[in-house]
Amino acid sequence: MGILFYSTNRKAERVDFEEALFRGLAPDGGLYMPESIPVIPIDVINSFKEMPYHEIAYNVMRYFLKDLVDDEALKAMTKDAYDFEVPLEQVYERKVKEALTGILIERKYSKSEILEIYLNQINYGNLSYGVEAAAKTYFNKPASDLTLGEGSFLAGLPQAPAVWDIYSNPELALNRQSQVLTLTQEMSQDKGCIYVGSQHDRVCVSPEDTANALVEILNYAFSPPSYEMRYPHWVFYVYNWLFANFDSTTIYQSGFTIHTTIDPELQELAQSMVEGQVNALADKNVQNGALVSMHPGTGEILAMVGSADFYNEDISGQVNMAISPRQPGSSIKPLVYLAAFEKEWTASTLIWDIPTDFPPTGIPDEFSPAYKPVNYDRKYHGPVLLRSALQNSYNIPAVAALQYVSIYDDPTTVKEDGFINFARRMGITTLNREDYGLSLSLGGGEVSLLELTKAYAIMANRGRDVTPIAVTKITDRNGQTVYQAPAQTAEEIISPEHAFLISDILSDNDARAPMFGYNSSLAMPFPAAAKTGTTNDYRDSWTMGYTPDLVTGVWFGNADYTEMDSVTGLYGAAPVWAQFMQTAIPIVTGNNPSLFIPTNGIEEHTICTASGTEPSESCPETTTEYFAYGEGPKEAKEDLWKSVRVDPWTLLGHSQECNPKYEVLPVLNVTDENAKAWIRGTNQGKEWAESIGFTEPIHFIPTEVCTVDDPQAKVEFAFPSDGESITSDNLGIYAI
């Protein structure tokens, strides 16, 4: 069996599975030997006919030597073939199936084919199943090149391979070979050499041959088998994929050649970078890392690193962290804002980054203590537009966004409009609890690196679905194609306009500068969308990002969840993400990276920088922003600066029935009660209001209109009274 790793120029590089994939995993060791078996090993196995050896071994070899199999031998072989095809079940049911399957096998397979099945599944120890795999394991050569000494050594193993293990019981193993050779020599002498069929000369084994064979193995330097794989986590990922899509019989008998999507150049690059970063951050208690990179258009996985060192048990290196769910931190935020886009938020939606008490589950009036998120920098940034909130990874706006979207679907409708179902639509399958709170917007639910990379690939692929692909094609030993990866469905998961908007925001280096600076690891020499993530107590460091040509996700942390020492997503994962992308993009694109191009459904509007609405006459500064067609900014009348008619006494909205008189008052167009409290009650809030022209006393737009029931000032003169004459130069006026 073989595996093909493809390089980016699509030139195939073959790597045998005994060095990569099924070594020690498949019952045939990943090596399939056709029926043209070398003569010597078969003669040697035949020498066990007088010993209490498995009946099938003798009968199969007798067939091969004499070109004859009687009914009993055939039954024995079909029983063993059945053992290979059907797993062990309850005894009575098994016996019935065994009889029926035996008949079918005899009809389906020739004697040669039954022999072939048997010899390719018998156990020779040390994870070697089949004579070809055994020859590779013990002597590093094909079975056809085995000598008498080597063949006799292998022939003695199948009855008890664990007992006659050359590595743990060398004396017993050598004694076993001696028994085999002795019996083979006796057979040769008794029968005047051994007849092996009309197509072969008789095989003669003399005492001298026996002695030489014994000395050969006695002096042979057996090297304990090493099963170190080239790309181990990828190997096991493909292995599991095979068993999810094919039955074991097909896998083991077909001689598969598997064409995978992995790119050796990018894979080597990824492994080196992950290992290097773990070494560089060892003093920060960073022991592990993972990376997944795929083509967003085809879904082909080009690199998968599951750990820094597969063979390091101290870091649980054999756990594939690329497919192990972990908390994603802020790298989940783009999905939250995408869900908000579908509910009429835009890139210019104004969100209040101020101290806020949220209901933990997002449901108002719940009795649990309030959820009070804070930002990474422990500061509040006042009113911010969505573009800035996302790019600077402010936490409070993200929580507000999830509260707006809602965590779960509205039970009063049939529409799947909650964030959990949106995430599932994006390919996240691990958010299955029923008790998530608003902290989910900050990474409070676990996702895998591979699935989050798929979600980002949808953004990179203009909203179209992307199914990660590991295997493009499988052929059998005859060169026939037995599997061809299906084309991507191109199903629209999110609108192409929303995909462009999120890509444009995530690639905006100017927008992220207040928090990250202009020269962070995320600042690339070509347009690239990127988002970092850091979990509580620094247990996980993430960076996710993409161009239209390549999407890559990087994680660092520890498999046992121990904390790192202040390693953020920007400090831990981002340098590896940036280095990998800057190296891989020229390789993948031929040094011609694609740009994020607005779709036909994107339009550009001028907005007020402070409010995100169309600018009113009072707006002091404007900028431009992208919007999906029909989803433009709020109108100018929704700007922060307004002049309204108010009742002079109550300062409520004016109404004729309340008071025919009114006052025109400049007001701040803010209705959020938390925002009002922040503006009136904090120095930061007052300074912000003053920066846009509102000084104390600050008046907010009325949310109610004055009615006849509202109290009004009523003035009546007590002196002078109506009609009274004034005769004094000094007049005192009294009113009540």
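The numbering scheme is per chain: residues are counted from 1 as the chain's sequence reads. For a predicted model such as this one, the threshold for reporting local features is a pLDDT of at least 70, and the threshold for listing and counting side-chain atom pairs is 80 or more; totals across whole chains, interfaces and linings nevertheless cover every residue. Only hydrogens and water are set aside; all other atoms, that is, all heavy atoms of the structure, feed into the side-chain values.

**Describing the side chain of D549**
With respect to the helices and strands, the residue D549 is situated in the loop between β11 (540-546) and β12 (551-557). Only protein chains enter the accessibility calculation, which uses a 1.4 Å probe; a residue whose area is less than 20% of its type maximum is buried, one above 50% is exposed, and one in between is partly exposed. Here the positive residues are Lys and Arg and the negative ones are Asp and Glu; neither His nor the chain ends is included. A carboxyl oxygen of Asp or Glu within 4 Å of a side-chain nitrogen of Lys or Arg is what we treat as a salt bridge. It is R462 that comes nearest to the buried, bridge-free D549 among opposite-charge side chains, at 11 Å. For this analysis, a polar contact is any N or O atom pair within 3.5 Å, provided that within protein one partner can donate a hydrogen and the other can accept it, and provided that sequence-adjacent residues contribute only side-chain to side-chain pairs. Of note is the side chain of D549, whose polar atom sits 2.7 Å from the backbone nitrogen of S594. Segments assigned H or I by DSSP are reported as helices when at least four residues long, segments assigned E as strands when at least two residues long, and all are numbered from the N terminus.

**A word on the confidence of the model for the protein chain**
Every residue carries a pLDDT, the predictor's confidence in it, which falls somewhere between 0 and 100. Averaged over all residues, the pLDDT of the protein chain is 84; the fraction at 70 or higher stands at 81%. We call two residues in contact when some of their heavy atoms are within 4.5 Å. Between residues 6-74, whose pLDDT stays under 50, and residues either more than four places distant or in other chains, the model counts 207 contacts. Note on residues 84-92: pLDDT is under 50 here. Beyond four places in sequence and across chains, it has 15 contacts.

**Notes on the pattern of salt bridges**
Overall, the coordinates contain 14 salt bridges when judged by the stated rule. Residue R387 pairs with D504 through a salt bridge whose shortest N-O separation is 2.7 Å. With R387 in helix α14 (residues 386-391) and D504 in helix α18 (residues 496-506), this residue pair connects regions lying 117 residues apart in the sequence. Here D504 falls in the buried class, since its relative accessible area comes to 18%. For R539, the salt bridge identified is with E563, shortest N-O distance 3.3 Å. Of this pair, R539 sits in the loop between β10 (529-534) and β11 while E563 sits in the loop between β12 and α20 (569-589); the two residues are 24 residues apart in sequence, bridging distant segments of the chain. Among the residues examined, R539 registers a relative accessible area of 27% and is labelled partly exposed. A relative accessible area of 39% means that E563 is categorised as partly exposed. Look at the salt bridges and you will find they share partners, linking R387, D504, D508 and E625 into a network.

**Quick look at the state of the cysteines**
Criterion for a disulfide: a pair of cysteine sulfur atoms at a distance within 2.5 Å. One pass over the structure, following the stated rule, counts three disulfides. Here C658 is linked by a disulfide to C706, with a sulfur-sulfur distance of 1.7 Å. Separated by 48 residues along the polypeptide, C658 in the loop between β15 (641-646) and β16 (663-668) and C706 in the loop between α22 (683-691) and β17 (717-719) bring together distant segments of the chain. Here the two residues C658 and C706 agree in accessibility, since each one is buried.

**With respect to helix α7 (residues 148-155)**
With eight of its eight residues buried, α7 lies for the most part within the structure. Every buried residue belonging to α7 is among L148, G149, E150, G151, S152, F153, L154 and A155, and all of these are buried.

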